[in-house]
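Residues per chain are reported as follows:
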Amino acid sequence: MADAARARTADEVVRNAAVGRHLPRLAAESGFTVPSVVPATSVFRDVRVADQILGLERTTRRAVTAGYFTQDAAERWLAHLAEGPFLAAVTFYIAVAKA
């Protein structure tokens, strides 16, 4: 149940959360050839750097607006992240497309 709730939250709060998995198909449908899709996993140990790339604070504000967090809970969660230790890993996908 918690995984379903997280997935729904990601779909509703994170803009274009699934666009990466659609890029090869979208590129091909637009007339490009897609010779490869390259995974690139980034590991973050500094919450400030992670926030610059992942938009942790921005996404948390959206979650508050959407009713998933109270303002107080969001502030506590962000403070918890800032107090560390912090570790996050995200795999980005680079779709190589040729015209």
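As a reminder, the structure under discussion sits directly above these lines.
Read on for a plain summary of the structure. None of these values were measured; they are calculated from a predicted model.

What follows deals with the packing of helix α3 (residues 47–54) against helix α4 (residues 56–65). Contact geometry of α3 with α4 gives a least axis separation of 6 Å together with a crossing angle of 65°. Contacts between α3 and α4 involve Val-47, Ala-50, Asp-51 and Leu-54 from the first element and Leu-56, Glu-57, Arg-58 and Thr-59 from the second. In terms of residue class, the contact of α3 with α4 is built from four nonpolar, one polar and three charged.

Orientation of α4 relative to helix α5 (residues 71–83), taken along the N-to-C sense of each, is 160°, at an axis distance of 9 Å. It follows from the interaxial angle that α4 and α5 lie roughly antiparallel. Crossing handedness for the pair α4 and α5: right-handed. Every residue of α5 that contacts α4 at Leu-56, Glu-57, Thr-60 and Val-64 is listed here: Gln-71, Ala-74, Trp-77, Leu-78 and Leu-81.

It is possible for side chains bearing opposite charge to pair when their charged atoms get close. All told, the structure shown has three salt bridges when counted by the stated rule. A salt bridge links Asp-46 to Arg-48, with the shortest nitrogen-to-oxygen separation between them at 3.0 Å. According to the relative accessible area criterion, Asp-46 is partly exposed, its value standing at 27%. On the accessibility criterion, Arg-48 (62% relative accessible area) is exposed. Close ionic contact of Asp-72 with Arg-76 constitutes a salt bridge, the shortest N to O distance being 2.3 Å. Here Asp-72 and its partner Arg-76 are both found in helix α5, four residues apart, which amounts to about one turn of the helix.

Procedures and definitions
- Residues numbered from 1 in each chain as written.
- Predicted model: local features only at pLDDT ≥ 70, side-chain atom pairs only at ≥ 80, totals over all residues.
- Heavy atoms only, no water.
- Axes fitted to C-alpha atoms, helices over the stretch in contact; angles between N-to-C directions.
- Helix = DSSP H or I, 4+ residues; strand = E, 2+ residues; numbered from the N terminus.
- Contact = heavy atoms within 4.5 Å.
- Nonpolar A, V, L, I, M, F, W, Y, C, P; charged D, E, K, R; others polar.
- Parallel < 35°, antiparallel > 145°, perpendicular 65-115°, else oblique.
- Left-handed = near helix turned anticlockwise from the far one by under 90°.
- Salt bridge = Lys/Arg side-chain N within 4 Å of Asp/Glu carboxyl O.
- Buried < 20%, exposed > 50% of the residue type's maximum accessible area, 1.4 Å probe, protein only.

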